[in-house]
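The chain contents come next:
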Amino acid sequence: MAYQVIIPAAGQGKRMGAGKNKLFLEINNIPVFILTLSVFEKDEQCHGIFLAIHPDDRRQFEFLIQKYHITKVRALVEGGKERQDSVYAALKQVKDDGIVLVHDAARPFIDLPLIHKLTKVTEMTDAAVIAVPVKDTIKKVLNNRVIETIERSSLWAIQTPQAFRLSLLLRAHLKAEQEGMIGTDDASLVEHLPHPVAIVEGNYDNIKLTTPEDLFFAEAILKKRQNE
Ligand code: CTP
Ligand code: MG
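Below is a summary of the structure that appears in this document. (Residues numbered from 1 in each chain as written. Chains lettered and ligands numbered in written order. Predicted model: local features only at pLDDT ≥ 70, side-chain atom pairs only at ≥ 80, totals over all residues. Heavy atoms only, no water.)

## What to know about the layout of surface pockets
Rule in force here: Every definition here rests on a 1 Å grid over the protein atoms only: cavities are sets of points where a 1.4 Å probe fits but cannot get out, pockets are open sets enclosed by protein on both sides within 12 Å along at least five of seven lines, and lining residues have some atom within 4 Å of a point. Grid points are joined across faces, edges and corners, and a volume is the space filled by probe spheres set on the points. Going along the chain from the N terminus, every DSSP run of H or I of four or more residues is numbered as a helix, and every run of E of two or more is numbered as a strand. Three categories are distinguished: nonpolar for Ala, Val, Leu, Ile, Met, Phe, Trp, Tyr, Cys and Pro, charged for Asp, Glu, Lys and Arg, and polar for the others, with Gly belonging to the last.
In this model, the largest pocket occupies a volume close to 940 Å³. Residue lining of the largest pocket: 33 residues in total, with Gly11, Arg15, Lys22, Arg83 and Lys208 positioned closest to the centre. For the lining of the largest pocket, the secondary structure elements donating two or more residues are helix 3 (83-91) and strand 10 (156-165). Sorting elements by how many residues they give to the lining of the largest pocket places strand 10 first, with 4 residues. A per-class count over the lining of the largest pocket returns 9 nonpolar, 14 polar and 10 charged. Volume-wise, the second largest pocket comes out at about 390 Å³. Lining the second largest pocket are 15 residues; nearest its centre among them are Val132, Ala157, Gln159, Tyr204 and Ile207. Only strand 7 (127-133), strand 10 and helix 7 (213-227) provide two or more residues apiece to the lining of the second largest pocket. Tallied by class, residues from the lining of the second largest pocket come to 8 nonpolar, 2 polar and 5 charged.

## Quick look at the pairing of strand 4 (residues 46-53)
Let me state the cut-off plainly: For the exposure calls, accessible area comes from a 1.4 Å probe over protein chains only, and a residue counts as buried if that area is under 20% of its type's maximum, exposed if over 50%, partly exposed in between. Here, strands pair whenever DSSP counts at least two bridges between them.
Counting buried residues in strand 4 gives 7 out of 8 residues, a clear majority hidden from the surface. Direction of pairing for strand 1 (residues 3-8) relative to strand 4: parallel, over a ladder of 5 bridges. In the sheet register, tyrosine 3 faces strand 4, and the bridge partner there is cysteine 46. Of the strand pairs in this sheet, strand 4 and strand 5 (residues 73-78) are connected by 5 bridges, and their pairing is parallel.

## Some words on the site of ligand 1
Put simply, the rule reads: For this purpose, a residue is taken to be near a molecule or strand whenever a single non-hydrogen atom of the residue falls within 4 Å of it. We define a polar contact as two N or O atoms separated by no more than 3.5 Å, with the added condition that, inside protein, one atom must be a possible hydrogen donor and the other a possible acceptor, whereas residues neighbouring each other in sequence contribute only through side-chain atom pairs. Assignment of a molecule to a cavity or pocket requires that more than half of its atoms lie within 2 Å of the corresponding grid points.
By nearness alone, 19 residues border ligand 1, and Gly13, Lys14, Arg15, Ser86 and Lys208 come closest of all. Taking alanine 10, its main chain carries an N or O atom lying 2.8 Å from an oxygen atom of ligand 1. Lysine 22 has a polar side-chain atom sitting 2.8 Å from an oxygen atom of ligand 1. A molecule is said to occupy a pocket when more than half its atoms come within 2 Å of that pocket's grid points, and by this definition ligand 1 occupies the largest pocket.

## Here we look at the nonpolar core
Selection criterion: Among buried residues, those of type Ala, Val, Leu, Ile, Met, Phe, Trp, Tyr and Cys that are joined through side-chain atoms within 4.5 Å constitute a nonpolar core. When checking whether two residues touch, look at their non-hydrogen atoms; a contact exists if any pair is within 4.5 Å.
Judged by nonpolar contacts, the single largest core of 45 residues is most densely connected at Phe33, Phe40, Leu51 and Leu101. Contacts of phenylalanine 33, omitting those with residues within four sequence positions, involve Leu23, Phe24, Phe61, Leu64, Ile65 and Ala105. The next biggest cluster of nonpolar side chains, apart from the first, holds 23 residues, and it includes Val100, Val102, Phe164 and Val190.

## Concerning the sheet that holds strand 5
Stated precisely, the cut-off is as follows: Fitting a line to C-alpha atoms yields each axis, with helices limited to the stretch in contact; the angle taken between N-to-C directions then spans 0 to 180 degrees.
Strand order in the open sheet formed by 7 strands is 5-4-1-6-10-7-11, with mixed pairing between adjacent strands. In the strand order of this sheet, the two ends are held by strand 5 and strand 11 (198-201), each with one partner. Strand-to-strand twist across the sheet, computed as the mean angle between neighbouring axes with direction ignored, equals 25 degrees. Contacts from helix 3 reach strand 1, strand 4, strand 5, strand 6 (99-102) and strand 10, with the element oriented near 145 degrees to strand 1. Contacts from helix 5 (residues 166-179) reach strand 6, strand 7 and strand 10 within the one sheet, and its direction differs from that of strand 10 by about 115 degrees.

## Observations concerning the side chain of threonine 119
Along the chain, threonine 119 turns up in helix 4 (residues 112-125). Of the polar contacts made by the side chain of threonine 119, one reaches the backbone oxygen of histidine 116; its length is 3.1 Å. Sequence-distant contacts of threonine 119, defined by excluding residues within four places in its chain, comprise Met1, Tyr3, Gln45, Ile99 and Leu101.

## Some thoughts on empty space enclosed by the protein
Within the structure shown, the criterion is met by 1 cavity of 30 Å³ or more. Lining the largest cavity, in full, are Arg83, Gln84, His173, Gly183, Thr184, Asp185, Asp186 and Leu189. Here the residues of the lining of the largest cavity are counted per class, giving 1 nonpolar, 4 polar and 3 charged.

## Some words on the pattern of salt bridges
Applicable threshold: The salt bridge definition used is simple: a Lys or Arg side-chain nitrogen within 4 Å of an Asp or Glu carboxyl oxygen.
Going through the model one piece at a time under the given rule, you end up with 9 salt bridges. The closest approach of N and O atoms between glutamate 62 and arginine 58, which form a salt bridge, is 3.8 Å. Placement of both glutamate 62 and arginine 58 in helix 2 (residues 58-67) is noted, with a separation of 4 residues, approximately one turn of the helix. Judged by its relative accessible area of 38%, glutamate 62 is partly exposed. Here the salt bridges do not stand alone but share partners, grouping Arg83, Asp104, Arg107 and Asp186 into one network.

Right, dumping it as structure tokens:
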């Protein structure tokens, strides 16, 4: 199933505390965002990558994309204040009403079988996301007091990629813009239309590099894969 992918990479990586965009940090000597882009670079079904970046990082992105021979980047789009702004800016550059994926640059461990499972489901449902069942018990808390324990069997942790029919995602972002709504992911804007969003079960390896200890997990995941 042919698709194009939007990769938001315009954040600052504040929680990583590296003093620079965390996407330039290296795992096994390769920058995080290059690991992510490489997955799509090698996927024949991926017909174009739209990368949202911070203008201050442009030269470094351009340099590394060339260095690692990434050929599918169709546009380096200036991102915005929120992740949602960055995705929307890139979304406006995507042509052809096919399937568009949105995938965080900070999730380098996504694999092709899962991407293909997701696009297949999206072909039927127009909107689908990768998710895993929550392992912890989740409680709602207010002022350090438990308000409620939420039934775990109905809880899923939502990851990226998230995949949509392009026209549907455009409609969702336009509506959110008009209403001043900020969602924490793209699916929440589609839900708000309203339009149903399907779940495709992923795996626990697909972590988002957010805080410093995630770098240790990342190295462990890479090592595991190299031994497989
Ligand atoms: N992102 C973006 N534009 C923003 C904010 C985030 O494109 N205005 C991107 C990040 O670069 C990242 C993805 O969205 O690839 C997920 O965001 P997150 O993990 O929160 O990264 P940062 O915002 O960079 O990190 P932090 O929140 O700790 O500052
Ligand atoms: Mg952020």
